[in-house]
Amino acid sequence: MESLVKVENLSKVFKDQGKGEVQALVNLNFELRAGEIFGLLGPNGAGKTTALRIISTLMQPTSGDVFIAQLNLRDNARRAKEYLGFLTAEMNLYDYFTVRELLFFFGQVNGLTHTYITDRISWLVELLDLEKYIDRRVDNFSTGMKQKVSIARALLPDPPIIIFDEPINGLDLMASRVVTNLIRELKNEGKSIIISTHNMNLAENLCDRIGILFEGELRGVGTIEELARNTGQNTLEDIFFKMVGEFSELE
Amino acid sequence: MNWNKIKVLLFKEIKGVVRDRKTFMMMVIFPLVFLPVLIGGITYFQMKTMQGNMEEIVPVYIEGREYATGLVGYLKSSGDYKIVDQPEKDIAPALQDGEIALYLKIEPAFHQKIIAGNSGEIKLFYNNTNTLSDSSSKRILQLIAGYTAQIVEQRLKGLQLSPYFIEPVKLELVNTATEQEKSGRFLGMMIPYFVIISIFIGAMNIGINITSGEKEKETLSTLLVTQLTRSEIVVGKLLTLIILSTFSAILNIVGIVLAYQFVFSSVGSGMELVIDLSANTLFKLGGLFVLLAFIVSGIIILAGSFARNIKEGNSYVMPIYMVVILIGVLSMSGAFQPAGFIYYLPIVNIIFLLQDIFMLQANLLHLWITIITSLVFGGLISYLSVKLFQREEIIFRT
């Protein structure tokens, strides 16, 4: 199967004034195959956001390579961005804009034409049930509504690869349901998706394959069945703690 | 560099400023409404008070008035003074609280000394913390000088000498400054100070908001994942600041000029502001405003990009602001005569060149030196801002 994202020996070291050098990622290797949902599962501080920031061109790796649609990010970051839609909990919106103005702004800076943006906005507001709010300013929206607008922003250029960093973090049950349904719908449309999460249920319900990330290291990659077979465990939770625990004992 | 995308970013930033009521008030309403009312109001009332003091009948207590009846009559005939009885309080508190404005103490031998051709002694007591006492002390000195001149004339007559005997040289001062030059001197003192302050304040509020403010509000990552390069983002933000701070400075200048036009015309000071609005002058002034805005915006973008949040951004910019105020005050005081090397110092050279232009003393060499040094310095700061923006440890500092 064609891989749309390929991560090879990816490492990242941060220089911290207090702690010195901090190894955030250690030789990560995984890929995102066409049409699948790949989940990076790990606790807070495992390195999920750092990995996704590197894949989405926000950060540079210390060593290793990332390929997006065969384009190495080291030389082709700008072109590679055309294939990516990126959404994290740390990506807030300009709240003085209305939804329409906001989407137009992001469409224009991404080089999309006026007609294309107009058509995409019509489709996205219908998909996300935002028609009534299209000309309202974002600053009055609830967290769930803002998340919907953020998703619309990420999907506007119709990228084949979509990256969600903790997509249901901070959302209530209703909003979480909307987002998870949407991720499934995007997969059905043929999008390839990477999500990072510390939520076992979300990973279990949505992901075709999972990478378990702990202290910057990828402890295992595969389908839940493959991971279960390798660890001799039944549930994702047990698999996770088995992998993390085994490594901790070795350390 | 994709200029269409930069333009989109620029319009987005401007829209953000226009929709932020607080910033919009500071940028438009303050210079066009509050500033003229503030400056115009304060100056108007100051001038009115001074005029009032000049016209007010001054209460004077004269001790020993019987020894100088001629002088007392002379003072009374001016119509400006009311001779009052001895105050109940001591002299010092009476002067301080305004019961009397002046106290003259005439020596008992005053008249005899004058007759004898000697100097009669008078002591004038006043209190310079009391406005009327202070201003009338100067007026009474002039009046007594006039009385003295009369006595001198009589003495010279008695000696059959011409008044010119004691005035061998008659000096007449002729001010050749035109109204425009006089206005230029006044504006040259005022305007550069207000230009630098208004450009800095205009750029500071907005600049910190669109750099470290974006980090704090977590909107920056959203921008970084678009097709905009980091250089384009910096250029877009820099252009936003240059345009808005120049606009802010122009509004401030319009507000100040309107305020003084109103003051001068309404209090009948005899002064009027004559401003050279020729294309050449406007072009030079506009160019210097933009150059100043370029440097100031670059500094603020640099500081704002480095800071983690708005509070930290403001703390980096504040010391620079204090230095800028100092430069502005120096230029306004007129205490500092610019030497040639001054025109090589960025920001400072623009301030003094603005002053030169208003005072009609601008020098073409200084103009070119200022343009070149400002472009080089502004360019360097902008380059550093772009470099800083490309460093992830700075951009993702929290």
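Sequence positions are assigned chain by chain, starting from 1 and proceeding in written order. Chain labels run from A onward and ligand labels from 1 onward, assigned in the order the entries are written. Thresholds applied to this predicted model are a pLDDT of at least 70 for local features of residues and 80 or more for the giving and counting of side-chain atom pairs; totals over whole chains, interfaces and linings are not thresholded and use all residues. The side-chain quantities take in all heavy atoms of the structure and omit both hydrogens and water.

Visitor: Tell me about the overall build of chain B, and please be specific about residues and values.
Guide: Secondary structure assignment for chain B yields 15 helices and four strands. Here the globule rule is a power law, 2.2 Å times the number of residues to the power 0.38, and the radius of gyration is based on C-alpha atoms. Its C-alpha radius of gyration of 30 Å places chain B more than 25% over the 21 Å reference for a compact globule of 398 residues. Dimensions of chain B along its principal axes, counting C-alpha atoms only, are 100 × 50 × 35 Å. Of the contacts made within chain B by residues no fewer than 6 positions apart, 75% connect residues no fewer than 24 positions apart. For chain B, the accessible area works out to roughly 20,500 Å², and carbon and sulfur atoms hold 63% of it. Note on conventions: DSSP H or I runs of at least 4 residues are helices, E runs of at least 2 residues are strands, and numbering of each starts at the N terminus. Any two residues having at least one pair of non-hydrogen atoms within 4.5 Å are treated as being in contact. Using the Shrake-Rupley algorithm and a 1.4 Å probe, accessible areas are obtained, with residue cover drawn only from the displayed protein chains.

Visitor: Describe the sheet that holds strand S3 (residues 37-41) of chain A, naming the residues involved and giving the relevant values.
Guide: Note on sheets: strands pair through backbone hydrogen bonds, and any given pair is parallel or antiparallel. All names here are of chain A. Two strands form a pair only when DSSP identifies at least two bridges running between them. Pairing is mixed in the open sheet, where six strands are placed in the order S6-S7-S8-S3-S9-S10. Both edges of this open sheet fall to strand S6 (84-88) and strand S10 (217-222), since each of them pairs with a single strand only. Averaged over neighbouring strand pairs, the angle between their axes works out to 15 degrees when direction is ignored. Bridge count for S3 against strand S9 (residues 209-214) is four bridges, and the pairing is parallel. Paired with Gly-39 across the strands is Ile-210, a residue of S9. In the packing of helix H5 (residues 143-155) onto the sheet, the strands contacted are S6 and strand S7 (161-165), and the crossing angle to S6 comes to about 160 degrees. Angles shown run from 0 to 180 degrees and are taken between the N-to-C directions of axes, each axis being a line fitted to C-alpha atoms and, for helices, limited to the stretch in contact.

Visitor: So what's going on with the packing of helix H7 (residues 179-210) of chain B against helix H12 (residues 310-333) of chain B? Which residues, and what values?
Guide: All names here are of chain B. Where H7 meets H12, the axes come as close as 9 Å, and the angle between the chain directions of the two elements is 175 degrees. The angle between H7 and H12 falls in the class roughly antiparallel. Just so you know the grouping, Ala, Val, Leu, Ile, Met, Phe, Trp, Tyr, Cys and Pro go in nonpolar, Asp, Glu, Lys and Arg go in charged, and all remaining residues, Gly too, go in polar. Of the residues that constitute the contact of H7 with H12, the class distribution is 19 nonpolar, six polar and no charged. In what follows, roughly perpendicular refers to angles from 65 to 115 degrees, roughly parallel to angles under 35, roughly antiparallel to angles over 145, and oblique to any angle outside these ranges.

Visitor: I'd like to hear about the sheet that holds strand S4 (residues 63-68) of chain A, residue by residue, with values.
Guide: Read across the sheet, four strands follow the order S2-S1-S4-S5 (chain A) without closing on themselves; strand pairing throughout is antiparallel. The open sheet has two edge strands, strand S2 (20-33) and strand S5 (71-72) of chain A, and neither has a second partner.

Visitor: Tell me about the packing of helix H13 (residues 348-358) of chain B against helix H14 (residues 364-389) of chain B, and name the residues and values.
Guide: Residue and element names in this part refer to chain B. Interaxial distance between H13 and H14 falls to 10 Å at its minimum, and their mutual angle equals 150 degrees. Judged on the interaxial angle alone, H14 and H13 are roughly antiparallel. Considering only the axes of H13 and H14, their crossing is left-handed. Here H13 contributes Asn-349, Ile-350 and Leu-353 to the contact with H14, which in turn contributes His-366, Leu-367, Thr-370, Thr-373 and Ser-374. Should the near helix be turned counterclockwise from the far one by less than a right angle, the crossing is left-handed, whereas a clockwise turn marks it as right-handed.

Visitor: With reference to specific residues and values, describe the domain arrangement of chain A.
Guide: All names here are of chain A. According to the domain assignment, chain A contains domain 1 (1-80 + 160-167 + 191-251) and domain 2 (84-158). Where a domain begins and ends is set by an automatic assignment or by a domain database. Put simply, the middle of domain 1 and the middle of domain 2, counted by C-alpha atoms, are 27 Å apart. Taken together, the contacts link 16 residues of domain 1 with eleven residues of domain 2. Around 1,200 Å² of area is buried between domain 1 and domain 2 when both sides are counted, 59% of it from carbon and sulfur atoms. Between Lys or Arg on one side and Asp or Glu on the other, a salt bridge is scored when a side-chain nitrogen of the former is within 4 Å of a carboxyl oxygen of the latter. At the surface where domain 1 touches domain 2, the tally comes to one salt bridge. For the purposes of these results, a polar contact is taken to be a pair of N or O atoms within 3.5 Å, where, inside protein, one atom must be able to donate a hydrogen and its partner to accept one; residues adjacent in sequence count only when each atom of the pair is a side-chain atom. For the pair domain 1 and domain 2, the number of links is six residue pairs in polar contact (both at pLDDT 80 or more). Of all the secondary-structure elements, those providing two or more residues to the side of domain 1 that touches domain 2 are helix H1 (48-55) and S7. Accessible-area loss on putting two parts together, using a 1.4 Å probe and summing over both, is the definition of buried area adopted here.

Visitor: Account for a nonpolar patch on the surface, with residues named and values stated.
Guide: Residue and element names in this part refer to chain B. Together, Met-25, Met-26, Phe-30, Leu-32, Val-33, Phe-34, Val-37, Ile-250, Val-254 and Leu-258 make up a nonpolar patch on the protein surface, roughly 850 Å² of accessible area in all. Sort the elements by how many residues they give to the nonpolar patch and helix H2 (residues 21-55) lands first, with seven residues. Here Met-25 lies in helix H2. The cut-offs for exposure are 20% and 50% of the maximum accessible area for each residue type, with area from a 1.4 Å probe on protein chains only; residues under the lower value are buried, those over the upper are exposed, and the others partly exposed. Relative accessible area serves as the criterion here: at 41%, Met-25 is assigned to the partly exposed category. Like charges are joined within 9 Å and nonpolar side chains (Val, Leu, Ile, Met, Phe, Trp, Tyr) within 5 Å, but only among residues with over 30% relative accessible area and no salt bridge; these make up the patches.

Visitor: Hey, could you go over the interface of chain B and chain A for me, with residue numbers and the actual values?
Guide: You'll often see interface size given as the accessible area lost when the parts meet. The partner chain A presents 29 residues to the 26 residues of chain B that form the contact. Together, the buried faces of chain B and chain A total about 2,600 Å²; carbon and sulfur atoms form 55% of this surface. Of all residues in chain B, Arg-19, Val-225 and Gln-227 of chain B give up the largest surface area on contact with chain A, accounting jointly for 26% of the area buried on that side. Between Glu-101 of chain A and Arg-19 of chain B there is a salt bridge, with its nearest N and O atoms 2.6 Å apart. Across the chain B-chain A interface, the total number found is 14 residue pairs in polar contact (both at pLDDT 80 or more). Counting only elements with at least two residues in the side of chain B that touches chain A, the list comes to helix H1 (3-19), helix H9 (220-224) and helix H10 (230-266) of chain B. Broken down by element, the side of chain B that touches chain A gets its largest block of residues, eight residues, from H1 of chain B. When grouped by side-chain class, the residues that make up the side of chain B that touches chain A number seven nonpolar, eight polar and eleven charged.

Visitor: Explain the pairing of S7 of chain A residue by residue, including any values.
Guide: Residue and element names in this part refer to chain A. Of all five residues in S7, five are buried; the element is thus mostly enclosed. Side chains Ile-161, Ile-163 and Asp-165 project from S7 onto one buried face, and the interleaved Ile-162 and Phe-164 project onto a second face that is buried too. Relative to S7, S6 runs parallel, the two sharing five bridges. Bridging across to S7, Phe-86 finds its partner in Ile-163. Bridge count for S7 against strand S8 (residues 192-197) is five bridges, and the pairing is parallel. The residue bridging Asp-165 from the neighbouring strand is Ser-196, located in S8. Taken together, S7, helix H6 (residues 173-188) and S8 constitute a β-α-β crossover, and its handedness is right-handed. By convention, orient the strands away from the viewer: a clockwise path from the first strand over the helix to the second makes the crossover right-handed.

Visitor: A description of H12 of chain B should follow, citing residues and the corresponding values.
Guide: Residue and element names in this part refer to chain B. To estimate how far a helix should reach, multiply one less than its number of residues by 1.5 Å. Here H12 spans 33 Å end to end across 24 residues, near enough to the 34 Å set by a 1.5 Å rise per residue. Given a residue, its bend is the angle between the two axes fitted to the seven residues that end at it and to the seven that start from it. Taken as a whole, H12 carries its principal kink of about 30 degrees at Met-318; the proline Pro-319 stands between one and four residues after it. Within H12, burial applies to Glu-312, Gly-313, Val-317, Tyr-321, Val-324, Ile-327, Gly-328 and Ser-331. Taken together, the buried residues of H12 touch H7, helix H8 (212-216), helix H11 (279-306) and H13.

Visitor: How would you explain unusual backbone geometry if you had to name every residue and give the values?
Guide: What is expected of a backbone is that most residues other than glycine have negative phi and most peptide bonds are trans. Residues and elements named next belong to chain A. Unusually for a residue other than glycine, Asn-9 sits at a positive phi of about 50 degrees. You can call Asn-9 partly exposed: its relative accessible area is 41%. You will see that Glu-166, though not glycine, has its phi angle at about 45 degrees, which is positive.

Visitor: An account of H2 of chain B is requested, with residue identities and associated values reported.
Guide: Approximately 65 degrees is the largest bend angle found in H2 of chain B, and it occurs at Phe-30 of chain B, with the proline Pro-31 of chain B only one to four residues beyond. Residues of H2 of chain B that are buried include every one of Thr-23, Met-27, Val-28, Pro-31, Leu-35, Pro-36, Ile-39, Gly-40, Thr-43 and Asn-53 of chain B, and no others.

Visitor: Account for the pattern of salt bridges, with residues named and values stated.
Guide: Counted by the stated rule, this structure contains 27 salt bridges over all chains. The partner of Glu-392 of chain B in a salt bridge is Lys-12 of chain A, and the shortest N-O contact between them spans 2.1 Å. Linking Glu-392 of chain B in helix H15 (residues 392-395) with Lys-12 of chain A in strand S1 (residues 3-16), this pair reaches from one chain into another. Accessibility assignment for this pair places Glu-392 of chain B and Lys-12 of chain A in one class, buried. Put simply, Lys-237 of chain B and Glu-214 of chain B hold a salt bridge, and the shortest N to O gap is 2.7 Å. In this pair, Lys-237 of chain B is assigned in helix H10 and Glu-214 of chain B in helix H8, connecting sequence segments 23 residues apart. In this pair, the class of Lys-237 of chain B matches that of Glu-214 of chain B, namely buried. One salt-bridge network, held together by shared partners, links Lys-12, Glu-13, Glu-214 and Lys-237 of chain B.

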